[in-house]
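One letter stands for each residue in the lines below.
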Amino acid sequence: MEKGARLYEGKAKILYATNDPDLVIQYFKDDATAFNAAKKGTVQEKGIMNNKISSKIFQFLEGHGIATHFVKMLSDREMLVRKVAIVPLEVIVRNKAAGSLCRNYGLQEGTVLAHPVMEFSYKCDALNDPLINDYHVLALSLATQEEIDTIKKYTFQINEIMKQFFKNLNLELIDFKLEFGRYKGKIILADEISPDTCRLWEIGTGKKMDKDRFRHDLGNIEEAYQEVLKRVTK
Ligand code: ADP
Ligand code: UDP
């Protein structure tokens, strides 16, 4: 697979073209940002860890019938993926209260939710990724009703699969963010699934094993990501 022109550089990854117009390479960087890039830093080898963790999770989801963009890992930092047109939504699922859910609704961190919450944010850095609902999605033509229904169905399935996956690794899936894209007329799961995009708490100790260690300067970020990688690949 030949690496072609750089198509896009984001906060955590770079996309490169390949000699196949249907495929692109995701290159995972060590850069870390939080609070809409107000906080910036680097985490040693984060790109390598997130590439490997994401690859494992995509393979696991594929094995459970979820269509993803994952093709294969090309190197420590590179993942070959199907090139999609990203649906400009951050699809968030929450099983316990954390982060902005606590801030917005006055909940204590760790509160058990009576029902999982699904949220859409409009993927737009200039607007600070505002929280939106189905009507906004339709009004702004971000996705069709059929696409919204498909995304919701897949997202709840993915939540069930991932909750069990992490539970088996003694980790609790508190919340996470997904991105979907259009590929040959179908909606498939894209982007990454890693400790950058999930909140993972160790069962028993409650230790945070995710990007909250960076957001809130809790220390030992690399160690936490390495531990997640070790469990995911064991
Ligand atoms: P951001 O743009 O939020 O800073 P990243 O640094 O993670 O994010 O950049 C990766 C970009 O690539 C994101 O904009 C994401 O939506 C997009 N992307 C993820 N998977 C694919 C794919 N399979 N095809 C095309 N674009 C993708
Ligand atoms: N998330 C993400 N990217 C974003 C926003 C959120 O991956 O741009 C993930 C985040 O890591 C967490 C979940 O989505 O697992 C819910 O995030 P929340 O809204 O609580 O984020 P915060 O306000 O704390 O940044």
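Look above for the structure.
Bear in mind that the values here come from a model prediction, so they are computed numbers and not experimental data. (Residues numbered from 1 in each chain as written. Chains lettered and ligands numbered in written order. Predicted model: local features only at pLDDT ≥ 70, side-chain atom pairs only at ≥ 80, totals over all residues. Heavy atoms only, no water.)

## Considering the site of ligand 1
By nearness alone, 17 residues border ligand 1, and Tyr-8, Lys-11, Ala-12, Lys-13 and Glu-179 come closest of all. At 2.6 Å, a side-chain N or O of Glu-179 approaches an oxygen atom of ligand 1. For ligand 1, a nitrogen atom lies 3.2 Å from a polar atom in the backbone of Asp-191. Every element with two or more residues in the shell around ligand 1 is listed here: strand E2 (13-18) and strand E7 (78-82). The residue inventory of the shell around ligand 1, partitioned by class, reads seven nonpolar, three polar and seven charged. (Near = heavy atom within 4 Å. Polar contact = N/O pair within 3.5 Å; in protein donor to acceptor, adjacent residues only side chain to side chain. Helix = DSSP H or I, 4+ residues; strand = E, 2+ residues; numbered from the N terminus. Nonpolar A, V, L, I, M, F, W, Y, C, P; charged D, E, K, R; others polar.)

## With respect to the packing of aromatic side chains
Overall, the coordinates contain four aromatic pairs when judged by the stated rule. With a centroid separation of 6.5 Å and an interplanar angle of 35°, the aromatic rings of Tyr-154 and Phe-180 are classed as tilted. Placement of the pair is Tyr-154 in helix H4 (residues 145-167) and Phe-180 in strand E12 (residues 171-183), with a sequence separation of 26 residues. For Tyr-154, a relative accessible area of 21% gives the class partly exposed. (Phe/Tyr/Trp six-rings, centres within 6.5 Å; stacked < 30°, edge-to-face > 60°. Buried < 20%, exposed > 50% of the residue type's maximum accessible area, 1.4 Å probe, protein only.)

## Details of the pattern of salt bridges
In a structure, side chains of opposite charge can pair up when their charged atoms sit close to one another. With the rule as written, the count across this model stands at 28 salt bridges. Of the charged contacts in the structure, one is a salt bridge between Glu-147 and Arg-182, with a shortest N-O distance of 2.7 Å. Remark: Arg-182 occurs in strand E12 and Glu-147 occurs in helix H4; sequence separation between them is 35 residues. The network of salt bridges with shared partners includes Lys-13, Lys-123, Lys-177, Glu-179, Asp-191 and Glu-192. (Salt bridge = Lys/Arg side-chain N within 4 Å of Asp/Glu carboxyl O.)

## Looking at the site of ligand 2
Neighbouring ligand 2 are 16 residues, the closest being Arg-94, Ser-100, Arg-103, Asp-175 and Arg-199. Between ligand 2 and Asp-196 there is a distance of 3.4 Å, counted from an oxygen atom to a backbone nitrogen or oxygen. For ligand 2, whose unbound accessible area comes to 520 Å², protein coverage reaches 83%. Going through the elements one at a time, strand E9 (89-96), helix H2 (99-105), E12 and strand E14 (198-202) are the ones with two or more residues in the shell around ligand 2. Class assignment for the residues of the shell around ligand 2 results in four nonpolar, three polar and nine charged. (Areas by Shrake-Rupley, 256 points an atom, 1.4 Å probe, with all protein chains shown as cover.)

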